[in-house]
Amino acid sequence: MSNTNFNSIAPVYDGLSHLVFGNALRRAQVEHLSLIPEKANVLLIGGGSGWLLEQLLRYRPLAEVTYLEASEKMLEMTRRRIGLRIPSALPDITFRLGTEDSLQHGETYDVILTPFLLDLFPYKRLAYLMDRLCAALRPQGLWLFSDFWPTQVPAPAWQRILLRSMYTFFGKVSQVSATRLPDFEHHFARLPLEELQAASFYGGLVQAKVYRKV
């Protein structure tokens, strides 16, 4: 199972994102945080440099969070960020370096967040990842998804060009093995999940969705 490596781009990742998309990606990530229960046990996987973790802790200061990140540098940046901005929250966060294979046997969560993570992997790798995450989600638990998922089919030309450029760039600098967006509708449909809410951003290129495990 191949994985990505964002160590080389970690220091400039947030800046590049804002340069291209403005605040659209951040708005998508926080769109449904209010649905998280006050004292939920939360898994945030692939959270990058920690911006979303900071927002989560401000929305839900009583949540117990496991922060799972495959990039050492991103994990270091996150730990430093929270230590500077919300130091009182550090004891309630489990920082873990690794992928979904780092989840322990029997470890389950009330809420799972996958912010702009699932678009990085080709079919088999993504199916494996989503199966593992779904198994770790408790019955009636919430999956907060935010990612590139065009609302218009076929996607407009400008969206196709932008996505192709992104995959080319991240394929070279971060070993992203996917070359196109997954069929998210297919992947979610095969899991015991029901969609509760959805919102779109950046001209319909980005969606934020909430699924509940049934």
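Residues numbered from 1 in each chain as written. Predicted model: local features only at pLDDT ≥ 70, side-chain atom pairs only at ≥ 80, totals over all residues. Heavy atoms only, no water.

(A) Up close: the overall build of the protein. Across its full length, the protein holds seven helices and seven strands. In the protein, the order of α-helices and β-strands from amino to carboxyl end is α-α-β-α-β-α-β-β-α-β-α-α-β-β. For 214 residues, the compact-globule estimate of 2.2 N^0.38 gives 17 Å, and the protein sits close to it at 16 Å. Sequence-distant contacts in the protein: of pairs separated by 6 or more residues, those separated by 24 or more amount to 74%. Element-wise, carbon and sulfur atoms account for 53% of the exposed surface of the protein, whose accessible area totals about 10,300 Å². Counting 23 positive and 20 negative side-chain charges, the protein places the averaged centre of each group 4 Å from the other. (Helix = DSSP H or I, 4+ residues; strand = E, 2+ residues; numbered from the N terminus. Rg over C-alpha atoms; globule rule 2.2 N^0.38 Å. Contact = heavy atoms within 4.5 Å. Areas by Shrake-Rupley, 256 points an atom, 1.4 Å probe, with all protein chains shown as cover. Lys, Arg positive; Asp, Glu negative; His and termini not counted. Charge placed at Lys NZ, Arg CZ, Asp CG, Glu CD.)

(B) Up close: the nonpolar core. Of all hydrophobic cores here, the largest spans 47 residues; its most connected members are Leu118, Trp143, Phe148 and Phe188. Top contributing element to this core by residue count: helix H5 (residues 123-136), with six residues. Not counting residues up to four positions away in its chain, the partners in contact with Phe188 are Leu118, Met130, Trp143, Phe145, Trp149, Leu193 and Tyr211. In this structure, Leu33, Trp51, Leu53 and Ile82 belong to the second largest nonpolar core, which totals 25 residues. (Core = buried A, V, L, I, M, F, W, Y, C linked by side-chain atoms within 4.5 Å. Buried < 20%, exposed > 50% of the residue type's maximum accessible area, 1.4 Å probe, protein only.)

(C) Up close: the sheet that holds strand E6 (residues 193-201). The strand order across the open sheet formed by seven strands is E3-E2-E1-E4-E5-E7-E6, and the pairing between neighbours is mixed. Two strands bound the open sheet, and with one partner strand each, they are strand E3 (93-97) and E6. Adjacent strand axes in the sheet meet at a mean angle of 15° when their direction is disregarded. Here five bridges tie strand E2 (residues 64-69) to E3, and the two strands are oriented parallel to one another. Looking at E3, one finds that Thr66 is bridged to Thr94. Running at roughly 140° to strand E5 (residues 137-148), H5 makes contact with strand E1 (41-45), strand E4 (109-115), E5, E6 and strand E7 (206-213) of the sheet. (Pairing = 2+ DSSP bridges. Axes fitted to C-alpha atoms, helices over the stretch in contact; angles between N-to-C directions.)

(D) A look at the packing of aromatic side chains. Scanning the model with the defined rule gives 16 aromatic pairs in all. For the pair Tyr13 and Phe170, a centre-to-centre distance of 6.2 Å together with 55° between the ring planes defines the contact as tilted. Linking Tyr13 in helix H1 (residues 10-21) with Phe170 in helix H6 (residues 157-173), this pair joins segments that are 157 residues apart in sequence. Since its relative accessible area comes to 25%, Tyr13 is described here as partly exposed. On the accessibility criterion, Phe170 (17% relative accessible area) is buried. Here Trp149 and Phe188 contribute two aromatic rings whose centre-to-centre distance is 6.5 Å and whose plane-to-plane angle is 5°, an arrangement assigned as stacked. (Phe/Tyr/Trp six-rings, centres within 6.5 Å; stacked < 30°, edge-to-face > 60°.)

(E) View of the packing of H1 against H6. It is the contact of H1 with H6, at a shortest axis distance of 14 Å, that shows an interaxial angle of 165°. Here H6 runs roughly antiparallel to H1, going by the angle between their axes. Crossing angle aside, the handedness with which H1 passes H6 is right-handed. Residues Tyr13, Leu16, Val20 and Phe21 of H1 pack against Leu162, Met166, Phe169 and Phe170 of H6. Grouping the amino acids of the contact of H1 with H6 by side-chain chemistry returns eight nonpolar, no polar and no charged. (Parallel < 35°, antiparallel > 145°, perpendicular 65-115°, else oblique. Left-handed = near helix turned anticlockwise from the far one by under 90°. Nonpolar A, V, L, I, M, F, W, Y, C, P; charged D, E, K, R; others polar.)

(F) Here's a closer look at H5. Its 14 residues give H5 an end-to-end C-alpha distance of 20 Å, which sits within 8% of 20 Å, the value for a rise of 1.5 Å per residue. Close packing links the buried residues of H5 with E1, E4, E5, helix H7 (184-189), E6 and E7. (Expected span 1.5 Å × (residues − 1).)

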